[in-house]
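An overview of the molecular structure
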Amino acid sequence: MTLLVFVAGLMLLILGAEGLVRGASRLATRDGMSPLIIGLTVVAFGTSSPELAVSLKAALDDQAGIAMGNVVGSNIFNVLFILGVSALIVPLAVAQQLIRFDIPLMVGLSLAVLLLAMNGSVGRLDGGLLVAGLGAYLVFLFLQNAKAPSAEAAPDGESAPASLGINLLYVGGGLAMLVLGSRWLVDGAVSFAQSLGISEQVIGLTIIAAGTSLPEVVTSIIAALRGERDIAVGNVVGSNVFNILGVLGLTGLLAPSGIAVSDAMLGFDIPVMIVVALACLPICFTGGVINRWEGGVLLAYYLAYTLYLILAATQHDALQAFSASLIYFALPLTALTLVMLAMQDHRRRRRP
């Protein structure tokens, strides 16, 4: 029964996000928003709506491990898994606006989460600051849209229907399914954690984070297959920004006692999120393309991160050897490779 509730909640989240994104993106297209802005706002924020619904439900139910783990785990999943798989399908082009502003913003916000959580919680003041930042980010994007308006089609390639009522029905129905789906998903996940003896934090970082990120997976992979490679990257970056400013901000603002941050989250998972965000800088700056081999490296690191969480949760004997191989071999080798690529790209740009 627990598995049925969990799967039903996950399906409602996916369907609800699809309805919300479709209705909202068509409404935005009717108002003349450019495809890039739609990708960074309506599509990215809409595909992050499952994270918002689940984290709010968990925080209001005093399940801080799930609320915080969902945000941090989703951001890690978005970059390592979604960009990795999408780049393996086809090398991903990175729009200049993302390189100049949105990716550095994602890195800065990841660092801000660590600073805000240093006292052991993300409270209402912290949440209010993040929500205010979300408002400023939206204003910036809409000003960018006003400078370069576009009447192109929505990112999914479909024309906007004439009926305003149908679009509003998509949005309303999608929100209703998100609310119900988040309740079932969280209840099922908590039952899983209790039955397996695994902490709610690990469940939030893995199963829930991957499940609530499925809309981003579908959106980015379809965009890559259709050749809309900048949208695939923009969706991930925009979703990560919204996860921090919108999901974590609103959750911290509305949770009765804020969101408690465990020592494990503060000492390991949030730093991993920061490192993952930082890795996007050299990968995206070198030629403005994420190549297939870079996608393979990203995906491999997600699998390694997930394996580490499982080994740590079960206190497996292989944990120490696995951790040492990552710390003393894999991470330094990857960092050296990225630095060398960045230096080569810098020299190439300076050539006349």
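None of these values were measured; they are calculated from a predicted model.

As a further point, take the overall build of the protein. Within the protein one finds 13 helices and 4 strands. The 352 residues of the protein split such that 52% are buried. For the protein, long-range pairs separated by at least 24 residues make up 86% of all intrachain contacts whose partners lie at least 6 apart in sequence. Accessible surface for the protein amounts to roughly 15300 Å². Of this, 69% is attributable to carbon and sulfur atoms.

Attention now moves to the packing of aromatic side chains. Under the counting rule described, the total for this entry stands at 7 aromatic pairs. Measuring from centroid to centroid gives 6.1 Å for Phe268 and Tyr305, while their planes differ by 20 degrees, and the two rings are stacked. On the criterion of sequence distance, the pair formed by Phe268 in helix H11 (residues 263-285) and Tyr305 in helix H12 (residues 292-314) is long-range, its members being 37 residues apart. Here Tyr305 falls in the buried class, since its relative accessible area comes to 7%.

For helix H4 (residues 64-89), spanning 26 residues, the distance from its first C-alpha to its last is 36 Å, which sits close to the expected 38 Å at 1.5 Å a residue. Burial of H4 is extensive: 22 of the 26 residues sit out of reach of the surface.

Look at H4 against helix H8 (residues 200-212): their axes get within 7 Å of each other, and the N-to-C directions meet at 50 degrees. When the axes of H4 and H8 are compared, the pair comes out oblique. As for how H4 packs across H8, the hand of that crossing is right-handed. Of H8, the residues touching H4 (which contributes Gly65, Ile66, Gly69, Asn70, Val72, Gly73, Ser74 and Phe77) are Glu200, Gln201, Gly204, Leu205, Ile208, Ala209, Ala210 and Thr212. Classifying every residue of the contact of H4 with H8 gives 7 nonpolar, 8 polar and 1 charged.

What follows is about helix H5 (residues 96-116). Its 21 residues place the ends of H5 30 Å apart at the C-alpha level, agreeing with the 30 Å of an ideal helix rising 1.5 Å per residue. Maximal helix bending in H5 amounts to about 35 degrees, located at Asp102; proline Pro104 follows within four positions. Those residues of H5 lying buried are Gln97, Leu98, Ile99, Asp102, Ile103, Met106, Val107, Leu109, Ser110, Val113 and Leu116.

It is at 10 Å that the axes of H8 and H12 come closest, and there the two elements cross at 140 degrees. Here H8 lies oblique to H12, going by the angle between them. By crossing handedness, the relation of H8 to H12 is classed as left-handed. Side by side, H8 and H12 meet where Val202, Leu205, Thr206 and Ala210 of the first sit next to Tyr302, Tyr305, Thr306, Leu309 and Ala313 of the second. Of the residues belonging to the contact of H8 with H12, the class tally is 7 nonpolar, 2 polar and no charged.

Another point: the side chain of Ser55. Along the chain, the position of Ser55 falls in helix H3 (residues 49-60). Here Ser55 is in contact with Ala67, Asn70, Val71, Val247 and Thr251, once residues within four sequence places are set aside.

Turning our attention to the nonpolar core. With 78 residues, the main nonpolar core has Met68, Ile76, Leu92, Ile270 and Ile290 as its most contacted residues. No other element matches H4, which puts 13 residues into this core.

Structurally, Asp126 can be placed in helix H6 (residues 124-147). Comment: no salt bridge for buried Asp126; closest opposite-charge side chain is Arg124, at 11 Å. Within the structure, the side chain of Asp126 is placed 3.1 Å from the backbone nitrogen of Gly123, a separation counted as a polar contact. The residues touching Asp126, leaving out its near neighbours within four places in the chain, are Leu116 and Ser121.

Note that predicted coordinates carrying low pLDDT should not be read in detail. Within the protein, residue pLDDT values average 78, and 76% of them lie at 70 or more. The secondary-structure element of the protein with the lowest mean pLDDT is helix H2 (residues 35-47), recorded at 66, while strand E2 (residues 121-122) shows the highest, at 90. Across residues 150-162, where pLDDT falls below 50, the model places 27 contacts with residues more than four positions away in sequence or in other chains.

This part covers a nonpolar patch on the surface. A cluster of nonpolar side chains, contributed by Leu3, Val7 and Met11, occupies part of the molecular surface with about 270 Å² of accessible area. Assignment of secondary structure puts Leu3 in helix H1 (residues 2-30).

Mapped onto the fold, Pro104 is located in helix H5. C-alpha separation for the pair Pro104 and Val237, spaced 133 residues apart in sequence, amounts to 10.0 Å. Setting aside anything within four residues of it in sequence, one finds Pro104 in contact with Leu98, Ile99 and Leu281.

Looking at the secondary structure, you find Val79 in helix H4. Residues Val79 and Gly295, spaced 216 residues apart in sequence, show a C-alpha to C-alpha distance of 9.6 Å. Ignoring sequence-local partners within four residues, the contact set of Val79 consists of Gly84, Val236, Asn240, Val276, Cys280 and Leu298.

Here is what the cut-offs are and how they apply
- Residues numbered from 1 in each chain as written.
- Predicted model: local features only at pLDDT ≥ 70, side-chain atom pairs only at ≥ 80, totals over all residues.
- Heavy atoms only, no water.
- Helix = DSSP H or I, 4+ residues; strand = E, 2+ residues; numbered from the N terminus.
- Buried < 20%, exposed > 50% of the residue type's maximum accessible area, 1.4 Å probe, protein only.
- Contact = heavy atoms within 4.5 Å.
- Areas by Shrake-Rupley, 256 points an atom, 1.4 Å probe, with all protein chains shown as cover.
- Phe/Tyr/Trp six-rings, centres within 6.5 Å; stacked < 30°, edge-to-face > 60°.
- Expected span 1.5 Å × (residues − 1).
- Axes fitted to C-alpha atoms, helices over the stretch in contact; angles between N-to-C directions.
- Parallel < 35°, antiparallel > 145°, perpendicular 65-115°, else oblique.
- Left-handed = near helix turned anticlockwise from the far one by under 90°.
- Nonpolar A, V, L, I, M, F, W, Y, C, P; charged D, E, K, R; others polar.
- Bend = angle between axes of the 7 residues up to and from the residue.
- Core = buried A, V, L, I, M, F, W, Y, C linked by side-chain atoms within 4.5 Å.
- Lys, Arg positive; Asp, Glu negative; His and termini not counted.
- Salt bridge = Lys/Arg side-chain N within 4 Å of Asp/Glu carboxyl O.
- Polar contact = N/O pair within 3.5 Å; in protein donor to acceptor, adjacent residues only side chain to side chain.
- pLDDT = per-residue confidence, 0-100.
- Patch = residues over 30% accessible without salt bridge, like charges linked within 9 Å, V, L, I, M, F, W, Y side chains within 5 Å.

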